[in-house]
Amino acid sequence: MASATYRNFTRILSSGIVITLVVGFTVSLSQAEEQVIKVPLGLPPIEFPEDNPPTVEKIALGKQLYFDKRLSRDNTISCASCHSPVKGYSNADQFATGFKGQKGGRNSPTVINAAYNKFHFWDGRAGSLEEQALGPIANPIEMNLTTKEAVERINAIPGYKKQFQKIFGSDATEENIAKAIATYERTILCGDAPYDRFKAGDKKALSESAQRGMQLFFGKAACSSCHSGPTFTDHAFHNVGVGMDAKEPDAGRKAISNLGGDHGSFKTPTVRDIARSAPYMHDGSLKTLKEVVEHYNKGGIPNEFLDEEIFKLNLTPQEVDDLVTFMKEGLTSSNYPEHKEPELP
């Protein structure tokens, strides 16, 4: 946003959670306290959509909706069921369990630092958090509630109806339900990891093993070819040779782009706080970070669409261990946002 003016604000919600907003436009002080704090060390400012400016009230509403199981047909599943704060904002299973025990074919991606993502879902079919928010609610395998029914349910709850009127000036709609959830999700930030403190000058922040692993991450192991920048993702899609030996491999990004070269390509996930969100890869097939490193070390599963950045690394057992140590130790935040379920209306 060319005309944006960045400001940092903080407010403390009634639940006691400190929410830091770094907004990409000018906001009035009626929306924020005058106290100024920064997003976690190592992360850039957050750019909020011009048509969805954050307020403390909207964040609180979005958090309630995120944890509310009434947004599923049988009142058993919420956004937090598959993207749980205690499970790295994923769900610790290979595949998430949805309506009536149904399971999808992909692992639940973390919501951590999703504020910075340019695409959402493994295949990138949503271009914003607002666009993403309603997908799982309406998905028959996940929450199985039409957006029309979701709006009707929310408007039938007086506490929600009052909040929507105050925040949006109207009853709940598909659009403002999505806006509220997306605004809350943008507050799930992880930074200030030992790596960030090391880069800031604290040379004791990383162990010797983690420092060796860091050198490998940005060097011989070539992890940073895709896991780059402050959020450790290039926001692109790659075929890394996972699941390509299946009888019918997941088409991945190709199903969205219709480009043959995208066959088996998936969005690069962040590796910040990666130790919290096992299992790994789009199909949840790798249970540990060591298995992930060993997959890349062997050059993935050969296939005609394999990304040019994937090749045998020839890492020694010690180098594999050091690389895992860097990701576990070096990229785990000191301020992890383990949000608790709020009181619901």
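The preceding data block contains the structure.
Described below are features of the structure shown in this document. The structure presented is a predicted model; accordingly, all values stated were derived computationally and were not measured.

Within the secondary structure, N303 is located in the loop between α11 (289–297) and α12 (317–330). Separated by 3.0 Å, the side chains of N303 and N239 make a polar contact.

Between its first and last C-alpha atoms helix α7 (residues 174–185) spans 17 Å; for 12 residues at 1.5 Å apiece the expected length is 16 Å, and the two agree. Judged by how many residues are buried, α7 sits mostly within the fold: 10 of 12 residues are covered. Buried residues of α7: N176, I177, A178, K179, A180, I181, A182, T183, Y184 and E185, and no others. For α7, the secondary structure elements touched by its buried residues are α1 (56–67), α3 (129–133), α4 (135–138), α5 (147–155) and α6 (158–168).

Right, let's talk about the environment of A96 for a bit. With respect to the secondary-structure elements, A96 resides in the loop between α2 (79–82) and α3. Taking the C-alpha atoms as reference, A96 lies 8.2 Å from E142; in sequence the two are 46 residues apart. In contact with A96, other than residues within four places in its own chain, are C82, N91, Q102, K103, G104, R106 and S108.

Another aspect to go through is the nonpolar core. Counting residues in each nonpolar core, the largest one holds 30 residues, and the members touching the most others are F217, L315, L323 and M327. The set of elements that each furnish at least two residues to this core consists of α8 (194–199), α9 (208–217), α11 and α12. The greatest single-element share of this core, amounting to 5 residues, is contributed by α12.

Glancing now at the pattern of salt bridges. Under the defined criterion, the tally for this structure stands at 17 salt bridges. Notably, a salt bridge pairs R106 with D123, separated by 3.0 Å at the nearest N-O pair. Taken together, the residues R106 in the loop between α2 and α3 and D123 in the loop between α2 and α3 connect sequence positions 17 residues apart. When its relative accessible area of 5% is taken as the criterion, D123 is described as buried. Two residues, E152 and K148, come together in a salt bridge whose shortest N-O distance is 2.7 Å.

Before going further, it helps to examine the packing of aromatic side chains. Enumeration over the complete set of coordinates arrives at 13 aromatic pairs. Plain terms: the ring middles of Y66 and F67 are 5.4 Å apart, the flat faces sit at 65° to each other, and that makes the pair edge-to-face. The same class applies to Y66 as to F67, namely buried. The interplanar angle of 65° and the centroid separation of 5.2 Å between the aromatic rings of Y66 and Y184 together place this pair among those described as edge-to-face. Here Y66 is found in helix α1, whereas its partner Y184 is found in helix α7, with 118 residues between them in sequence. The exposure class of Y66 is buried, given its relative accessible area of 0%. Taken together, the aromatic side chains of Y195, F217, F218, F232 and F326 make up a single cluster linked through ring pairs.

Parameters at a glance
- Per-chain numbering applies: the sequence of each chain, read as written, is numbered from 1 onward.
- It should be noted that, the model being predicted, local features are given only for residues of pLDDT at least 70 and side-chain atom pairs only at 80 or more, the latter also being counted only at that level, while totals for whole chains, interfaces and linings use all residues.
- Only heavy atoms go into the side-chain values, all of them from the structure, while hydrogens and water stay out.
- Each helix is a run of H or I in the DSSP string that is no shorter than four residues. Each strand is a run of E no shorter than two, and both are numbered from the N terminus.
- Polar contacts, as counted here, are pairs of nitrogen or oxygen atoms within 3.5 Å of one another; within protein the pair requires one atom able to donate a hydrogen and one able to accept it, and residues that are adjacent in sequence qualify only if both atoms are side-chain atoms.
- Each helix should span, by expectation, one fewer than its residue count multiplied by 1.5 Å.
- The rule is simple: take the accessible area with a 1.4 Å probe, protein chains only, and divide by the maximum for that residue type; under 20% is buried, over 50% is exposed, in between is partly exposed.
- Throughout, a residue-residue contact means that at least one pair of heavy atoms, one from each residue, lies within 4.5 Å.
- What makes a nonpolar core is a set of buried Ala, Val, Leu, Ile, Met, Phe, Trp, Tyr and Cys residues whose side-chain atoms join them at distances within 4.5 Å.
- Between Lys or Arg on one side and Asp or Glu on the other, a salt bridge is scored when a side-chain nitrogen of the former is within 4 Å of a carboxyl oxygen of the latter.
- Geometry of aromatic contacts follows a simple scheme: Phe, Tyr and Trp rings, the Trp one being its six-membered ring, pair when their centres are within 6.5 Å, and the pair is stacked under 30 degrees between planes, edge-to-face over 60, tilted otherwise.

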